[in-house]
Every structure is written in structure tokens, then in C-alpha cells.
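This is what each chain is made of:
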Amino acid sequence: MSNDKLEFGRLASNGSQSLLLRTIRDYSPVSRSSISRILGMNAPAVTRTATELLNDKLILEKPLSDTSGQRRKRGLVLNPSAAHCLGLLIGPTEIEGCIVDCAYRTVVRKQLEGAFDAMKPRQVVQAAVSFVNRLRAQAPGDNKRCLGLAAVAPGLTDIAGRRCLACSTMPHLVGVQLADMLEKNLNLPVFLTTGSQAHLRAVERLDINAPANNMLFVFYSQGIGASLKMQGAYIRGKDNLAGEIGHMPVTDEPIPCGCGGTGCLEALASKAALARLARQAVREFAGSSLAALSEIKGDDVLKAAADGDRLGVRLTRDAFAHLARAVAGIAVCMAPDHIVFGHSISAAGEEMFQWLCAEIRSRLSGQLRDGLSISVSTINSHISSMGAAFMGLDLAM
């Protein structure tokens, strides 16, 4: 494979343009005087750079809704038709993708189900390439400039090496240079990232909808993970391993975990753990709604808890108690302004989620509790591909 790789598309042509584009992204619609104040840049420099961006049709100008009269202020916004970025997730049972325009709006979403964990690497890439080509064909007619493809690979990712480092669900992809293979077949720049980083960008852009300096996102599914942002910096850690809270020991009991350790949070509190524990306990709770199911899944236990089922409530509270201790421990270390849980946890119902929030808050000091927001993400699909595309747009700026 050639070491030559295509360069991801750029919107800004210099540092001043990049500063303005990012400020407009974060504060849109924003007046020139506000940009000058936010950046500490003199007004003539702001006007000069804004004019360049307007001439290049990278931004638009429109009247601000909170001003009126002859001297009504005008606000700058990103031009959605300037370009678009593709986002892609390759998973063991599905490939998902989206098109995001320059105003960070998702204009197309697609999903393809299949047994990709049973395919050879070249077959997986071929399926992904075919999927992306169909996705590209749906780009809006007034927005044909594609900046590139931002892809989330399964498992641990070597971003610099553009390959998978480790993956329990698709082990045959370990060592495969996915980005290079996709780039060669698509003739499109490809940027490889991690799921945790993509999740954080999607939540920040769509749920918080404002620059967040200190934020913790908790991914809750068959496994458990976290994404962290501190003092405005996205935390990756060594080999992109930051946030693997699912393998944080939370008990001394020798409960085996898929990582090879024992007593991990994931082994006690994930959806997979809930399903396993429910199957073990259901015989003692013949009246439980779970007893009527031929196969119990983690979501079934959460839903039973939401419905007030005694076994569902007991198992979910036990799991959430472990989760609360782990999340509170991280919060003590990083002092977040926002803690956001993945949408799937909402299956447990509002009452159970508020119980979880109370458990977390009870383990924090007053100063850490003050002003802390704990919420559930509103993003119920395509969080990985959308977040990846947002990262691609950020890179282009």
C-alpha cells in the first residue's frame, strides 16, 4: 500500500479565516462586533477576513432577530451549501453513514445491516465502499463538494497508522489499514477516528449546542465507555485508551470480564451484564414479566424496570449503583460542567434515571454538584457517523 494519502479538504486558507469560521460555528449567528470581542481581534481585521469568506461563499450574512431599525445588525452563519463531509461507522452487524453539510446539519442518513463480523477484511471494505458510493449519490444538488470521509473503525484505533489495533467483535480487522483501503477504492480523503471521540463531538454539537470546556459522555450499551473533554481539550490518552471505564474494577468479587480481568464495571452494569444476571435470577421471580421471555436482553431488563417490575428494578438499581460510583469517581477527577449519558439508558425510564443522577450527586462535594448538568442524549441513531463527520468539518476549518 502506498504511503501517499489524499489530503482532507480545507475550507480556511489561512489562520485568520480558520479562527473566524470556528467562532461562527460556535456562536452562529454572530455579529462582526461580537466576533471582534470574542477573539480580541480588531474590527478592520474581522471585516477583512469576513469579506474574504463571504466572497468565497463559505459564510452567509443575515439580519439578527434581536435587533431592528435602519442600523439593524447582521449576523454571520456558515453556508450549508459550501461543502459537505461524509461520516461512516463500520460495525460487526451494521454499517451506518451520513452526509453533514457545512452548517453541521445532517442531510442524509443511511444504514446497512449484515454479518460483517463474518466477512474477510476485503469483503468488509468492498461493502463499505459500495455503501459510501450510494450515500454520495444522495448529496444535495447544490452541495457537491465533498471534503472527505471521516470513519469510525471498530475497537481500538491507531489513528496515525490508520488501522485497527484490537477488536473483540471483528478480530479479523486487527492490523488492517482500513483508511488506506477505503481511500484507494473511493478516491476520497479518509480520516480515521475512534468511537469515543466521535460520540463526544456529536453530543457537544447536538445536545449541548455550545462550546463545552469540561464534559463527560458515558456510552451505555453492551459495553460501557466514556469520552472526556477537559479545559477545552479532547482527551485521548495513550493509544487512544482514555475513557475505557467499562474495565474499571468496582468490586473485589471474582466476576469475569471479557477483557480478561475480574470485577469490572462492564461485567456488573452493562446491558450484557443485566441480561446475564436476569437469566440467572428469573427463576426466583416467576411473576416477573422477564420470566415470560424466551431470550432476555439488556433492554428488556431496563424496560421492565421502567414498568415497575420488581426484578427489573432490583437488577437495574444494582447496576446503576455501580455505574454511579464509577461516574462520580471520574467527576471528582475532572470536575465536569456536563455529564451526558447515551440515549439507550433512557429505556430504564425517567424515574430510574433520576435515581441514577441522585446516586451520582450524593457522591460529589457541594462545589462539584453546583451547576452540574446530568442528562440523557437526544441522539438515538447514527451518533458515531454524525460525530465523525463533525470531526471532519472541524478538521477542514
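Please read all numbers here as calculations on a predicted model, not as lab measurements.

A. Spatial organisation of the overall build of the protein. The secondary structure content of the protein amounts to 13 helices and 14 strands. At 23 Å, the protein has a C-alpha radius of gyration in line with the 21 Å of a compact globule built from 397 residues. When the backbone C-alpha atoms are referred to their principal axes, the protein occupies close to 75 × 55 × 35 Å. Buried positions account for 50% of the 397 residues belonging to the protein. With the model as given, the accessible surface of the protein reaches about 18,200 Å², and the carbon-plus-sulfur share is 49%.

B. Spatial organisation of the sheet that holds strand β11 (residues 224-230). Read from one edge of the open sheet, 5 strands run β12-β11-β10-β13-β14, paired in mixed fashion. Each having just a single partner strand, β12 (233-235) and β14 (373-376) make up the two edges of the open sheet. Averaged over all adjacent pairs, the angle separating strand axes in this sheet is 15°, with direction ignored. As paired strands, β11 and β12 are joined by 3 bridges and run antiparallel to one another. Residue pairing for β12: L228 is matched across the bridge by I235. Across the sheet, helix α10 (residues 310-334) is in contact with β10 (215-220), β11 and β13 (338-341); its angle to β10 comes to roughly 155°. Relative to β14, helix α11 (residues 350-362) is tilted by about 150°, and along the sheet it contacts β13 and β14.

C. A look at the environment of V282. Note that V282 resides in the loop between α8 (271-281) and α9 (298-306). We classify V282 as buried; its relative accessible area is 14%. Separated by 114 residues in the primary sequence, V282 and A396 have C-alpha atoms spaced 53 Å apart. Among residues more than four places away in sequence, those in contact with V282 are L290, A291, I296 and L311.

D. Local environment of α10. In this model α10 runs 36 Å from its N-terminal to its C-terminal C-alpha over 25 residues, within 8% of the 36 Å that 1.5 Å per residue would give. Two or three places before L311, at the opening of α10, D309 has a side-chain oxygen 3.1 Å from that residue's backbone nitrogen.

E. Here's a closer look at the pairing of strand β3 (residues 84-90). Counting buried residues along β3, 7 of its 7 residues qualify, which places the element largely inside the surrounding structure. Between β3 and the antiparallel strand that follows it, strand β4 (residues 94-101), lie 3 residues.

Calculation rules
Residues numbered from 1 in each chain as written. Predicted model: local features only at pLDDT ≥ 70, side-chain atom pairs only at ≥ 80, totals over all residues. Heavy atoms only, no water. Helix = DSSP H or I, 4+ residues; strand = E, 2+ residues; numbered from the N terminus. Rg over C-alpha atoms; globule rule 2.2 N^0.38 Å. Buried < 20%, exposed > 50% of the residue type's maximum accessible area, 1.4 Å probe, protein only. Areas by Shrake-Rupley, 256 points an atom, 1.4 Å probe, with all protein chains shown as cover. Pairing = 2+ DSSP bridges. Axes fitted to C-alpha atoms, helices over the stretch in contact; angles between N-to-C directions. Contact = heavy atoms within 4.5 Å. Expected span 1.5 Å × (residues − 1). Polar contact = N/O pair within 3.5 Å; in protein donor to acceptor, adjacent residues only side chain to side chain.

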